[in-house]
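# Results of the structural survey
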Amino acid sequence: MKIDLHCHSKHSKRPVLWLMQKIGCPESFTEPAEIYALARQYGMAAVTITDHNTIDGCLEIAELPHTFIGCEYTTYFPEDNCKVHVAAYGMTEAQHADLMQARANIFDLVSYLTDNAIRHVCAHPLFSPNDRLTLVHVEKLLLLFKNWEWNGDLAPEMNLAVRQLLDELKPGDIERMANRDGIV
């Protein structure tokens, strides 16, 4: 099954990159209907849009076949406001409203996603939009997320680093981090 699970439409109005923010440029100018048409044309089995903190793009195409709701939530580690992105899929509009409340704290967000069986991934896990990501954060991400995004748009070196990190991880490493951080 082929699906693009990280795609932005014109509804991602607040881009991550500082320069784009300063000139008032959205993350994307693409209409949701155009994303849908192109995805289906390129053989995608299903279509979702993961705009930043909104499902408006998904709702515009919701009546079309083979669509589902997705969103890229901006969340924070409460101890230092390190910003992280989490992509989630298949939630309802009501759940999205709850997730928008929960996203202020990464632990609350992941707990809600897990408790409600909403599929989710740590998006671009080695990139923090506010440059506060440390090794301790990455270790906590390893405990919080079973799935990490392999993002084709990022530098190949970042994808390679993610792959190497995950491939070299041992059960003892997870146990040590879980005991230290109290994350199970």
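Read on for a plain summary of the structure. (Residues numbered from 1 in each chain as written. Predicted model: local features only at pLDDT ≥ 70, side-chain atom pairs only at ≥ 80, totals over all residues. Heavy atoms only, no water.)

Turning next to helix α4 (residues 93-102). Listing the buried residues of α4 in full gives Gln95, His96, Leu99 and Ala102. Relative to the axis of α4, the buried residues are bounded by an arc of 120° and lie together on one face. The outward face of α4, more than 90 degrees from its buried face, is lined by the exposed residues Glu93, Ala94 and Gln101. On its buried face, α4 sits against β1 (70-76) and α5 (106-115). (Buried < 20%, exposed > 50% of the residue type's maximum accessible area, 1.4 Å probe, protein only. Helix = DSSP H or I, 4+ residues; strand = E, 2+ residues; numbered from the N terminus. Arc of directions from axis to C-beta. Contact = heavy atoms within 4.5 Å.)

Tracing the sequence through the fold places Thr30 in the loop between α1 (18-22) and α2 (32-41). Distance from Thr30 to Ser9, taken between C-alpha atoms, is 5.0 Å for residues 21 residues apart in sequence.

This part takes up the side chain of His137. Within the secondary structure, His137 sits in helix α6 (residues 135-144). Only 3.4 Å separates the side chain of His137 from the backbone oxygen of Arg132, close enough to count as a polar contact. Residues in contact with His137, not counting those within four places in the same chain, are Phe77, Glu79, Asp80, Cys82 and Arg132. (Polar contact = N/O pair within 3.5 Å; in protein donor to acceptor, adjacent residues only side chain to side chain.)

Moving on, we come to the pattern of salt bridges. Within this structure, the stated rule accounts for five salt bridges. Two residues, Lys10 and Glu31, come together in a salt bridge whose shortest N-O distance is 3.0 Å. Here the residue Lys10 occupies a position in the segment before α1, and Glu31 occupies one in the loop between α1 and α2, the gap between them amounting to 21 residues. Each of Glu139, Arg176, Arg180 and Asp181 takes part in one network of salt bridges that share partners. (Salt bridge = Lys/Arg side-chain N within 4 Å of Asp/Glu carboxyl O.)

Packed helices, taken two at a time, are described by the angle between their axes plus the distance between the axes. At a closest axis distance of 10 Å, the pairing of α6 and helix α8 (residues 171-181) adopts a crossing angle of 105°. If you check the angle between α6 and α8, you find them roughly perpendicular. In this structure, α6 uses Glu139, Lys140, Leu142 and Leu143 to contact α8, whose residues at the interface are Ile174, Arg176, Met177, Ala178, Arg180 and Asp181. Split by residue class, the contact of α6 with α8 holds five nonpolar, no polar and five charged. (Axes fitted to C-alpha atoms, helices over the stretch in contact; angles between N-to-C directions. Parallel < 35°, antiparallel > 145°, perpendicular 65-115°, else oblique. Nonpolar A, V, L, I, M, F, W, Y, C, P; charged D, E, K, R; others polar.)

Let's shift gears to unusual backbone geometry. Non-glycine residue Asn53 carries a positive phi angle of around 60°. One can find Asn53 in the loop between α2 and α3 (56-61). The class of Asn53 is buried, set by a relative accessible area of 19%. One non-glycine residue, Asn81, adopts positive backbone phi at about 60°.

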